[in-house]
Structure formats: C-alpha cells, structure tokens
Amino acid sequence: MSRRAEHDVRDLVERARAGEARAVARLISLVEDASPLLREVMAALAPHTGNAQVVGITGSPGVGKSTSTNALVTQLRKAGKRVGVLAVDPSSPFSGGALLGDRVRMQDHALDSGVYIRSMASRGHLGGLAWSTPQALRVLDAAGCDVILVETVGVGQSEVEIAGLADTTMVLLAPGMGDGIQAAKAGILEIGDLYVVNKADRDGADQVRRDLRSMLALATGRDGAWKPPIIKTVAQTGEGVDEVVDKLAEHHAWLASSGELERRRTRRARGEIEAIAVTALREKWGDVHGRSELDTLAAAVVAGDADPYGAADELLAAFTD
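1. So, helix H4 (residues 65-78)
Helix length check: H4, at 14 residues, gives a terminal C-alpha distance of 20 Å against a target of 20 Å (1.5 Å per residue), a fit within 8%. Within the sequence span of H4, burial applies to Lys65, Ser66, Ser68, Thr69, Asn70, Ala71, Leu72, Val73 and Leu76. Following H4 by one or two positions, glycine 80 adopts a phi angle in the positive range, close to 80°.

Structure, rendered in structure tokens:
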C-alpha cells in the first residue's frame, strides 16, 4: 500500500471515530465492495473495537421489525446512547442493491447525529444477513456507537445466523401470524435471549405469549442462568419498548458478569477469521470447475475406479503442487 493510501485510511478512521457520518459511510462502502484497502482499514479499526453492545433483531416478515427498531432507537437516544443500525434488506433482483424500506421507516432519526443508519443488501447471502455484516459492525463499534442494532432480512428459520453475530438476540413475534408454530421450529427457540410479542393491542397476543412460555419451558439445552423474558409491545406507539431496553441492559450485564460475553465474541471472531481464510483460499485456487483434472477424476468415480474422497484428495494435491 502506498503512503498516500495509508494516510487516507488513517484519516478516514480518525474522522469516523470523531463521529463524522460521511467517513463512516465511506468505510462501510469499502467493506461492502471488498476494497483492496480493507485489510488496512480493519487493522486501523481493531484497537478501537469491542465496546458496543450488539443486538440482533429477527423474526418473520410482518412482525414489525423495522418499526420496533425505530422505537428502540428512540428509547436508547432518550437514555443518551449513541446508536448504530444495520438494516439488512433483501437485494434488488435488478441492481443487487438494498431495497431501502428500513430507511423510509426510520426517517424520524435522519437528522440525529447520535444515530447512524445503514441499509445493506443481502446480495443472496443466506441466514438473513449480508456477508459483510461483521466488518460493518466493527466500523460502527470503532465509530463510538454504544449500541448497534442489526435487523435481519426477515426470512424465518434461516435467520438463526444472527445468533452467532450478536451479543443479544431479540426474537419478534406477533399474533395472528402462525408464530406459535414458527417459534417451535428448530433453531428459533434456541437463539432468543429476549422474546417480544409485538402488536400486543391485537387479539391473540396473550395466547402467543402463553404458547411461547410453554414451549420455552420444554426447550432443552438452554443455559439455566438466563431465563429469556417475554415482553409485549406495541412498537407503533412505543408501548412496552422501555421494558425491552431495560431487559437488553440486564442481559448485557449478565453476559459480562458470567463470562458468556467473551465466549460469544470469541466464537464470533473464530467464524469471521474462518470465513476470510476460506474466501482467500477460493481466490487463490481459482475456478475449480474449469480444472481438467476434475473431469478426469469425476469419470474415474463414475467408472468405479476411484472413490469421491480419494478423488478429492488428488484434486487438493493438484492445487497445492
């Protein structure tokens, strides 16, 4: 990297740490575009990370994730917290960019310098997140956000990936949407640290809470030290949101005191390192489908002259020669 580029990265990071929104936006764009400067950016950010509380917000489409996120930002700002929001939107099938529904719903905070909102395109990545979300979190953390809210796409069961990224995972449900059955599916009961029954002014909210409480009581494999609370809210009016903020703070304190926070963040770092390493290996090896050795080995497997594992070993050997 040239001295000019190194100076530009340092300058950008310092401006972001000072809270300059344009610098934060530029850094996240470098992340999303997998810029050649990304290594230097992450190295410059590293000493300034690890302070923000990361809260994942997930749930089925239509439960009010964006409205709830907006209400949480309002409540957190009242408490004097600097807030970052990463709203992962479905990708446009035409441009590959994010459909900015979340930005539209959060216009209340558009002029607040203590709030940074970024819509990110999932770009076909499964799990309800964008592939660049972990690095974007580092940017907001280093930029001085006290709390970072990560709102996932809204694709149901596959959203369990958020549990590996967040310190605290909040699962939203709503009456009349079949959420009782949805919550019983594998993965959903295991990932929640906090459950919120939104749209609680509708009929059936109490039933959803009762069903959820019963299913949580039957769930196995949970750490008995933390019992996930179930809170009713009406995000549109802000009802119950103050209690959600209190429980988020309570859970964060428990994480820190129990050592679970460090364990979760270490797991997160392991996954991030592994993903970067695997991506680098793929780039180094190039397109495996274009290798003539693959056709030869496939023919040998079909003919019964080789087994798939032995063939894979030969292909790996060819790559590493």
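2. A look at the confidence of the model for the protein chain
On average, the protein chain scores 82 in pLDDT, and the residues at 70 or more come to 77%. Note on residues 123-130: pLDDT is under 50 here. Beyond four places in sequence and across chains, it has 28 contacts.

3. Focus on the packing of aromatic side chains
To describe a pair of aromatic rings, one takes the distance between the centres and the angle between the planes. Under the counting rule described, the total for this entry stands at one aromatic pair. Measuring from ring centre to ring centre gives 5.9 Å for tryptophan 226 and tryptophan 254, while their planes differ by 35°; the resulting arrangement is tilted. Of the two residues, tryptophan 226 is situated in the loop between helix H9 (205-218) and strand S7 (230-232) and tryptophan 254 in helix H10 (residues 241-258); the sequence distance between them amounts to 28 residues. On the basis of relative accessible area, tryptophan 254 is assigned to the buried category, the value being 15%.

4. Topic: unusual backbone geometry
Phi at alanine 34 is positive, roughly 50°, even though this residue is not glycine. Relative to the assigned elements, alanine 34 resides in the loop between helix H2 (21-32) and helix H3 (38-45). The backbone phi angle of lysine 199 is positive, close to 60°, even though this residue is not glycine.

5. Quick look at the environment of leucine 255
Following the sequence through the fold, leucine 255 ends up in helix H10. It is 8.1 Å that separates the C-alpha atoms of leucine 255 and aspartate 167, two residues lying 88 residues apart in sequence.

6. Remarks on helix H12 (residues 292-303)
Given a rise of 1.5 Å per residue, 12 residues ought to cover 16 Å, and the 17 Å separating the end C-alpha atoms of H12 matches this to within 8%. Once H12 ends, the next one or two residues include glycine 304, with phi positive near 85°.

7. Things to note about the pattern of salt bridges
The full count for this structure, using the stated rule, is 14 salt bridges. Here glutamate 20 ties to arginine 15 by a salt bridge, and the two come within 3.0 Å at their closest N and O atoms. Taken together, the shared-partner salt bridges connect Asp193, Glu260, Arg263, Arg264 and Arg267 into one network.

Thresholds applied
- Residues numbered from 1 in each chain as written.
- Predicted model: local features only at pLDDT ≥ 70, side-chain atom pairs only at ≥ 80, totals over all residues.
- Heavy atoms only, no water.
- Helix = DSSP H or I, 4+ residues; strand = E, 2+ residues; numbered from the N terminus.
- Expected span 1.5 Å × (residues − 1).
- Buried < 20%, exposed > 50% of the residue type's maximum accessible area, 1.4 Å probe, protein only.
- pLDDT = per-residue confidence, 0-100.
- Contact = heavy atoms within 4.5 Å.
- Phe/Tyr/Trp six-rings, centres within 6.5 Å; stacked < 30°, edge-to-face > 60°.
- Salt bridge = Lys/Arg side-chain N within 4 Å of Asp/Glu carboxyl O.

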